[in-house]
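Tertiary structure, described
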Amino acid sequence: PERREPPAYVLEGEHLAQELNQRLREKYRNYERAAARLELRGEHDAANLLRRAAGRVRLLRNATAACTAD
């Protein structure tokens, strides 16, 4: 059987989802880096807050990655 190219809107949606995942990955990595810097300066409460935010963004990224894996 002949394979058909997916409609343009499907390809565009996949591209947007990949871009979103990349940006979310950058965001939580930046949060983790900033948390490490704060921890070195002794600002443990702020570092913990950023680490929790990084965890939430990571969960969001994992959820969008799971949606695009289908």
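Above: the structure in question.
Residues numbered from 1 in each chain as written. Predicted model: local features only at pLDDT ≥ 70, side-chain atom pairs only at ≥ 80, totals over all residues. Heavy atoms only, no water.

When helices and strands are tallied, the chain shows two helices and zero strands. For 70 residues, the compact-globule estimate of 2.2 N^0.38 gives 11 Å, and the chain exceeds it by more than 25% at 17 Å. Principal axes of the C-alpha set define a box for the chain whose edges measure 65 × 15 × 15 Å. For the chain, the residues scored as buried account for 17% of the 70 residues in total. Counting only carbon and sulfur atoms, one obtains 53% of the accessible surface of the chain, whose full area is about 5900 Å². Separation between the mean location of the 14 positive side-chain charges and that of the 11 negative ones in the chain comes to 6 Å. (Helix = DSSP H or I, 4+ residues; strand = E, 2+ residues; numbered from the N terminus. Rg over C-alpha atoms; globule rule 2.2 N^0.38 Å. Buried < 20%, exposed > 50% of the residue type's maximum accessible area, 1.4 Å probe, protein only. Areas by Shrake-Rupley, 256 points an atom, 1.4 Å probe, with all protein chains shown as cover. Lys, Arg positive; Asp, Glu negative; His and termini not counted. Charge placed at Lys NZ, Arg CZ, Asp CG, Glu CD.)

Right, let's get into the packing of aromatic side chains. For any pair of aromatic rings, geometry is given as the distance between the ring centres together with the angle between the planes. The full count for this structure, using the stated rule, is zero aromatic pairs. The aromatic ring of Tyr28 is capped on one face by Arg58, whose charged end is 5.0 Å from the ring centroid. (Phe/Tyr/Trp six-rings, centres within 6.5 Å; stacked < 30°, edge-to-face > 60°. Lys NZ or Arg CZ within 6 Å of the ring centre and 35° of its normal.)

A few words now on the pattern of salt bridges. Counted under the stated rule, the structure contains four salt bridges. As a salt-bridge pair, Glu32 and Arg58 come within 2.0 Å of each other at their nearest N and O atoms. With Glu32 in helix 1 (residues 8-40) and Arg58 in helix 2 (residues 44-68), this pair connects stretches of sequence that are 26 residues apart. The class for Glu32 is partly exposed, based on a relative accessible area of 27%. Between Glu39 and Arg51 there is a salt bridge, with the nearest N and O atoms lying 3.2 Å from each other. (Salt bridge = Lys/Arg side-chain N within 4 Å of Asp/Glu carboxyl O.)

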